[in-house]
Amino acid sequence: MAGEVLDVVAEDIVRPENLVYRRPSALLDVDMHYCPGCGHSTVHKIFMEVVEEMGIQHDIIGVAPVGCSVFAYNYMDIDMQQAAHGRACAVATGIKRMLPDKFVFTYQGDGDLAAIGGNETLHAANRGENFLVIFINNAIYGMTSGQMAPTTIDGMVTTTSPYGRDPKTMGYPLKFGDLIAPLPGVAYVTRQAVNTVQNVRRAKKALQRALEYQKQGLGFCLVEIVSNCPSNWKMTPVESNKYVQNVLIPFYPLGDIKVPEVKK
Amino acid sequence: MAKVVGEVIIDIERCKGCELCIQACPEQTLALGKAINHKGYQYVVKVNDNCTGCVNCAIICPDAVITVYRKSLKPKQEVAV
Ligand SMILES: Cc1ncc(C[n+]2csc(CCOP(=O)(O)OP(=O)(O)O)c2C)c(N)n1
Ligand code: SF4
Ligand code: SF4
Ligand code: SF4
Ligand SMILES: [Mg+2]
């Protein structure tokens, strides 16, 4: 056995030249208020990695929603604006039109984007507004303690569908990305998740791709993240990520729904 | 064959004990400790010296708690096992 090579002490490994992962510098050095294991935190983290890697920390403006991620501006070390519930796409439209050279994005939950903000989101998409929408779909109203959302899937138990969602009386779950994808103003629609290591890596790539499309002025980009809400789903974080995999993803399949024509 | 060794540094005061990193680690390097941090969460600790620096734990950690180092060791001579 090559025994001696294993005799390496931590001090030999923990050196700057051996660093392979650290917290992104664009994520402020503060605790996030999210529940343990919440996908909101994971998406904040990977999006700030993208911002750091692209070197655009001073050239990007975000719009925070109402929902659990209402304090996103306390964590992302970039310029941000808070919008009223559902109005993030309207606010982002104003920002992007006044400052077209800045990267602009909204960060919205499914209640914010698809329920109260369905109108704003749909029309911003149809106008082909050139910004990115990061859509955190946890199939529930997280912040207000777990009411049914338009995205709640068939049979899913929430505080306002205690016997499970019944589409006959409660309507069908809405796939917002699929709804807007055919619109000519929409450049890129993709559905991702952050429940496994591989999915986190893919979601990060999708976010980066969307910003590159924005730079090319291609139009409205929507990156949906099928996420979790362990607290309101009444699961452990590990169980909630399995639920994402086994129950949500079969209904909300991952992958690109629309990609722009490649400009050569 | 070069052997790869790793080391993780866990910011224990920021860990929320969600256990996603434990689940994602292919080497069973990590476990939930018994002690609690200032927030009242049991935090993750290293229980085995077998980390390969694969960064799985750091990528899945929602709260960006884990820093990872990796070093490739070139054996002085190849030894048949
Ligand atoms: C005008 C208005 N209506 C209702 C509310 C109550 N409210 C706060 S957050 C929320 C839903 C949030 O759900 P979602 O957008 O899915 O975000 P999550 O917390 O799940 O990330 C609601 C209905 C509000 N704050 N303002
Ligand atoms: S309530 Fe749900 S969505 Fe909100 S922080 Fe907790 S786990 Fe995340
Ligand atoms: S870097 Fe890989 S091997 Fe090391 S603790 Fe993390 S997941 Fe385990
Ligand atoms: S994933 Fe992060 S927050 Fe969760 S237990 Fe591991 S180190 Fe702690
Ligand atoms: Mg939600």
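Preceding this section is the structure that the text describes.
A few points on the structure. Computed from a predicted model, the values in this text were never measured in an experiment.

1. Looking at the coordination of the magnesium ion (ligand 5)
Residues and elements named next belong to chain A. Coordination of the magnesium ion (ligand 5) by the protein involves Asp110 (OD), Asn138 (OD1) and Ile140 (O), with metal-donor separations of 2.0 to 2.2 Å. In primary sequence terms, the donor set of the magnesium ion (ligand 5) follows D-x27-N-x1-I. Taken as a pair, asparagine 138 and isoleucine 140 share a single burial class, namely buried.

2. Regarding the packing of aromatic side chains
As enumerated under the stated definition, the model contains 7 aromatic pairs over all chains in all. Against the face of A:Phe251 rests A:Lys175, its NZ or CZ located 4.3 Å from the ring centre.

3. Section: the sheet that holds strand E7 (residues 220-226) of chain A
Residue and element names in this part refer to chain A. Pairing is mixed in the open sheet, where 7 strands are placed in the order E3-E2-E4-E5-E7-E6-E8. Every other strand in the sheet has two partners, leaving strand E3 (79-82) and strand E8 (255-258) as the edge strands with one partner each. The mean angle between the axes of side-by-side strands here comes to 20°, regardless of whether they run parallel or antiparallel. Where strand E2 (residues 60-64) and strand E4 (residues 103-109) come together, 4 bridges link them in parallel fashion. By the bridge assignment for E4, isoleucine 61 is matched with valine 104. The sheet strands contacting helix H8 (residues 197-215) are E2, E4, strand E5 (132-137), strand E6 (186-193), E7 and E8, and the helix crosses E6 at an angle near 165°.

4. Brief notes about the site of ligand 3
The local shell around ligand 3 holds 14 residues, among which B:Cys25, B:Cys51, B:Cys54, B:Val55 and B:Cys57 are the closest. Per-class residue counts for the shell around ligand 3 are 9 nonpolar, 4 polar and 1 charged.

5. Quick notes on the interface of chain B and chain A
The interface of chain B with chain A comprises 37 residues on the first partner and 42 residues on the second. Roughly 3200 Å² of surface becomes buried between chain B and chain A when both sides are summed, with 65% attributable to carbon and sulfur atoms. When the buried surface of chain B facing chain A is broken down by residue, B:Arg14, B:Ile59 and B:Tyr69 rank first, second and third, together holding 20% of it. Applying the counting rule to chain B against chain A returns 3 salt bridges. Taking the shortest distance from any N to any O, the salt bridge between A:Asp31 and B:Arg14 comes out at 2.8 Å. Counting across the interface, chain B meets chain A through 12 residue pairs in polar contact (both at pLDDT 80 or more). Elements that contribute at least two residues to the side of chain B that touches chain A include exactly strand E1 (3-10), helix H1 (20-24), helix H2 (56-60) and strand E4 (66-73) of chain B. The pairing of strand E1 (residues 19-21) of chain A with E4(B) spans 2 bridges and is classified as antiparallel. Looking at E4(B), one finds that A:Tyr21 is bridged to B:Val68.

Calculation criteria
All residue numbers refer to position in the chain's written sequence, counted from 1. Going through the entries in the order they are written, you letter the chains from A and number the ligands from 1. Since the coordinates come from a predicted model, pLDDT governs what is reported: local features require at least 70, and pairs of side-chain atoms require 80 or more to be given and counted, while whole-chain, interface and lining totals use all residues. As a rule here, side-chain values cover all heavy atoms of the structure and leave hydrogens and water aside. Water is not among the atoms examined, so metal sites may look incomplete; donors are the N, O and S atoms within 2.8 Å of the metal, or within 3.2 Å for Na, K and Ca. Burial classes follow relative accessibility: with a 1.4 Å probe on protein chains only, a residue under 20% of its type's maximum area counts as buried, one over 50% as exposed, and anything between as partly exposed. Side-chain rings of Phe, Tyr and Trp (the six-membered ring for Trp) are treated as a pair once their centres are within 6.5 Å; stacked means planes under 30 degrees apart, edge-to-face means over 60, and tilted covers the remaining angles. Each ring is checked for a lysine NZ or an arginine CZ that lies within 6 Å of its centre and within 35 degrees of its normal; such an atom marks a charge sitting over the ring. DSSP bridges decide pairing: two strands pair if at least two such bridges lie between them. Where helices and strands are cited, they refer to DSSP runs of H or I of at least four residues and of E of at least two residues respectively, numbered from the N terminus. Orientation is described by lines fitted to C-alpha atoms, with helices fitted over the stretch in contact, and by angles between N-to-C directions that extend from 0 to 180 degrees. In this analysis, two residues are considered to be in contact whenever any of their non-hydrogen atoms come within 4.5 Å of each other. Whether a residue is near a molecule or strand depends on its heavy atoms: if one lies within 4 Å, it is near. We call Asp, Glu, Lys and Arg charged. Ala, Val, Leu, Ile, Met, Phe, Trp, Tyr, Cys and Pro are nonpolar, and the rest, Gly among them, are polar. The quantity reported as buried area is the accessible area (1.4 Å probe) lost by two parts once they are put together, taken as the sum for both. Each salt bridge in this description consists of a side-chain nitrogen of Lys or Arg and a carboxyl oxygen of Asp or Glu lying within 4 Å of one another. N or O atoms closer than or at 3.5 Å make up a polar contact, with two conditions inside protein: a donor-capable atom paired with an acceptor-capable one, and, for residues adjacent in sequence, both atoms drawn from side chains.

Everything listed here is a matter of coordinates, which is why it stays silent on function.
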